[in-house]
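Topology and contacts: notes
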Amino acid sequence: EQAEAMDWSKIEEGRMVNLIGNPHGFQLCGEAYVTMLEVIAEHVRSTRGARVRLRIAESMGHIENPDWVKIYNLEERFGDVTECPQIGPGKVIDTRLGDMHVLKKLFDAPYFIHTHVTEMREGYLHRMMDRLFKPFGMAYARLESRSAYHFGFGPRTGQIVSREIFESPDIQ
């Protein structure tokens, strides 16, 4: 029902879509998060005729991703599943702050779908609005850009890095 309420019209028939999963989703929500990913993938396949593959953003220290793949049978449920560590190949994008680096494997398809799970600390550390942009500066960014977010600015002012990556023409 919620998937139907969204506008998916930009996704062209037959094109590839990277469905981006987050380790926090598997950890905090478990099967409910996987079900949400399945519903999104099936909706995009059936209504847009697109091909969907699961890409798992891997923040620093998230060594559990291979476990999530096994525990939730993600390869059986999604087929093409890839973990994307922040030390993996990057892609330079232009932002108003200058060049930033995102993970190439997350953004190597014409389209991507950003999925999000809210943690209670998000409301305080990242404010309610900024919490939706946070993964673009943390989980979807390569180590160089993540460091600018985390160590250069701190959680609240670091949102400028996340917003600039999200608003980059390469991402939009």
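Scroll up a little and you will see the structure.
Not measured: the values here are computed from a predicted model.

Rules behind the numbers
Per-chain numbering applies: the sequence of each chain, read as written, is numbered from 1 onward. Residues qualify for local features only when their pLDDT is at least 70, as the model is predicted, and side-chain atom pairs are given and counted only at 80 or more; totals for whole chains, interfaces and linings, by contrast, use all residues. To get the side-chain values, all heavy atoms of the structure are used, and hydrogens and water are removed first. To form a nonpolar core, buried Ala, Val, Leu, Ile, Met, Phe, Trp, Tyr and Cys residues must be joined to one another through side-chain atoms within 4.5 Å. Accessibility here uses a 1.4 Å probe with only protein chains present; expressed as a share of the type maximum, an area under 20% marks a residue as buried, one over 50% as exposed, and anything in between as partly exposed. Helix and strand assignments come from DSSP, with helices taken as H or I runs of at least 4 residues and strands as E runs of at least 2, each series counted from the N terminus. We call two residues contacting when some pair of their heavy atoms lies within 4.5 Å. Strands are labelled as partners when DSSP assigns at least two bridges between them. The convention used is that axes are lines fitted to C-alpha atoms, helices contributing only their stretch in contact, and that angles between N-to-C directions extend from 0 to 180 degrees. In this scheme, a helix's expected span is set at 1.5 Å multiplied by one less than its residue total. Centre distance within 6.5 Å is the pairing criterion for rings of Phe, Tyr and Trp, where only the six-membered ring of Trp is used; planes under 30 degrees apart are then read as stacked, over 60 as edge-to-face, and the remainder as tilted.

Among the nonpolar cores identified, the biggest contains 24 residues, and V17, L19, F26, V44, L54, L74 and F78 are the most heavily contacted of them. Secondary-structure elements contributing two or more residues to this core are strand 1 (16-21), helix 3 (31-48), strand 2 (51-58), helix 4 (65-71), helix 5 (74-78) and strand 6 (111-114). Here F26 is in contact with Y33, V34, L37, I56, W68, Y72 and L74, once residues within four sequence places are set aside.

Turning next to the environment of E13. Relative to the elements of secondary structure, E13 occurs in the loop between helix 1 (2-5) and strand 1. On the basis of relative accessibility, which here comes to 70%, the residue E13 falls in the exposed class. It is 4.8 Å that separates the C-alpha atoms of E13 and G49, two residues lying 36 residues apart in sequence. Beyond its immediate chain neighbours, meaning those up to four positions away, E13 contacts R48 and G49.

What the four strands build is an open sheet, ordered 3-2-1-6; its pairing is parallel. Only two strands of the sheet have a single neighbouring strand rather than two, namely strand 3 (81-85) and strand 6. Looking at each pair of strands side by side, their axes are set apart by 30 degrees on average, direction ignored. As judged from the five bridges shared by strand 2 and strand 3, these two strands associate in the parallel manner. Within strand 3, the residue paired with A57 across the bridge is C84. Contacts between helix 3 and the sheet are confined to strand 1, strand 2 and strand 6, with strand 1 contributing the most and set at about 170 degrees to the helix.

Since the α-helix turns once every 3.6 residues, residues separated by three or four places project in the same direction. Compared with the 26 Å implied by 1.5 Å per residue over 18 residues, the 25 Å span of helix 3 between its first and last C-alpha is a close match. Three or more residues of helix 3 are buried, namely Y33, V34, L37, I40, A41, H43 and V44.

So, on to the packing of aromatic side chains. One pass over the full model with this rule turns up five aromatic pairs. Ring centres 6.4 Å apart and planes at 25 degrees place the aromatic pair F26 and W68 in the stacked group. Of this pair, F26 sits in helix 2 (residues 23-29) while W68 sits in helix 4, and the two are 42 residues apart along the sequence. This pair shows no difference in class: F26 is buried, exactly as W68 is.

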